[in-house]
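Analysis of the macromolecular model
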Amino acid sequence: MCLVRKICLDKETDHCYTETELQVMDMTEKISILGVELKDYSMEDAARVIEEYLNNDVLNTMCLVTKEMLVYAGENPEYRECLEAMDIHVVADSDIFSAAGITGEERLKKADDRQLWKLFIDTVVKEHKSCFLLVQTADDLEKFRETLQEKFPDLVIAGAYAAEDAGDEPEVIVNEINGILPDVIFSTLDQPFQELFLHEQRAKMGARVWFGFGPMGSGGRFGEENWLARLIGKTVFHRKVQQYNHMVKDEEEYEEALAEEAAEELPAKEDGEAGAEK
């Protein structure tokens, strides 16, 4: 039974929105990094929408966004489309906010302290919703399960599956999920497979919310990440952002120059036409 009234249909994605979602979306700040548009919800607005996501009858999507994902999305249009289609983007690194020119201490803390995804899991636990763990390998499955049970001992884990067992048959993964019909899918699939799989199979999965964490260990989420890898990732990200911003600035200056040139030519053209008429 649908517990939340849907009032709008996005014809491009075939997705219904609730009145609360539309109200929050109007107030949601959109930030752009490397040409990728992200929807940044405040904690208060996210809490309102999460409550509805957990009680409606369509699959809503959330994912942690890392610097590596943005770099890849900036270079791959198909992946960028999949990433931008997420309902809520959970920025997992304050460097991303900083690159967008956001310097407010509260916003940076929200990212570094993982406040939003912790809020989501706390809400899942409070409302006694069931979850399904979707991981890449069997080893990942045990690590993920142990970590979640340690941090959230009352979390109801109704099922789990390692995607490597499905081979090249994504429908096997979908069948495993639909055999359980969980409220929430927690995914730690590799990228870009995670976002591409979700984009293609979203309409087929019987759950209320998909939350993509990304691969185990990435971004310091569910495993240790080498400090050198973090440093290299940060350096690459900032270099890519600088290059992209310079490119955008050059294009804007070129467009302005063309506009000025056209404006200067217009009076001369009009004078020439007037002279011809005489």
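In what follows, the structure referred to is the one given above.
This write-up is about the structure you can find in this document.

About the thresholds
Residues numbered from 1 in each chain as written. Predicted model: local features only at pLDDT ≥ 70, side-chain atom pairs only at ≥ 80, totals over all residues. Heavy atoms only, no water. Helix = DSSP H or I, 4+ residues; strand = E, 2+ residues; numbered from the N terminus. Buried < 20%, exposed > 50% of the residue type's maximum accessible area, 1.4 Å probe, protein only. Arc of directions from axis to C-beta. Contact = heavy atoms within 4.5 Å. Patch = residues over 30% accessible without salt bridge, like charges linked within 9 Å, V, L, I, M, F, W, Y side chains within 5 Å. Areas by Shrake-Rupley, 256 points an atom, 1.4 Å probe, with all protein chains shown as cover. Salt bridge = Lys/Arg side-chain N within 4 Å of Asp/Glu carboxyl O. Lys, Arg positive; Asp, Glu negative; His and termini not counted. Charge placed at Lys NZ, Arg CZ, Asp CG, Glu CD.

We now examine unusual backbone geometry. What is expected of a backbone is that most residues other than glycine have negative phi and most peptide bonds are trans. Put simply, Gln191 and Pro192 share a cis peptide bond, and its omega is 10°. Position of Pro192 relative to the elements: it lies in the loop between β9 (184-187) and α10 (193-201). A positive phi angle, close to 55°, is found at Leu34, a residue other than glycine. Counting through the fold element by element, Leu34 comes out in the loop between β3 (29-33) and β4 (36-40).

Before going further, it helps to spend a moment on helix α9 (residues 170-178). When we look at burial in α9, the residues that qualify are Ile173, Val174 and Ile177. Down the axis of α9, the sector holding all buried residues measures 100°, keeping them to one side. Buried residues along α9 sit against β7 (130-135), β8 (156-162), β9 and α10.

So, on to a negative patch on the surface. Together, Asp139, Glu142, Glu146, Glu150, Glu164, Asp165 and Glu176 line one region of the surface with negative charge. With four residues, helix α8 (residues 138-151) is the single largest residue contributor to the negative patch. Among the structural elements, Glu150 can be located in helix α8.

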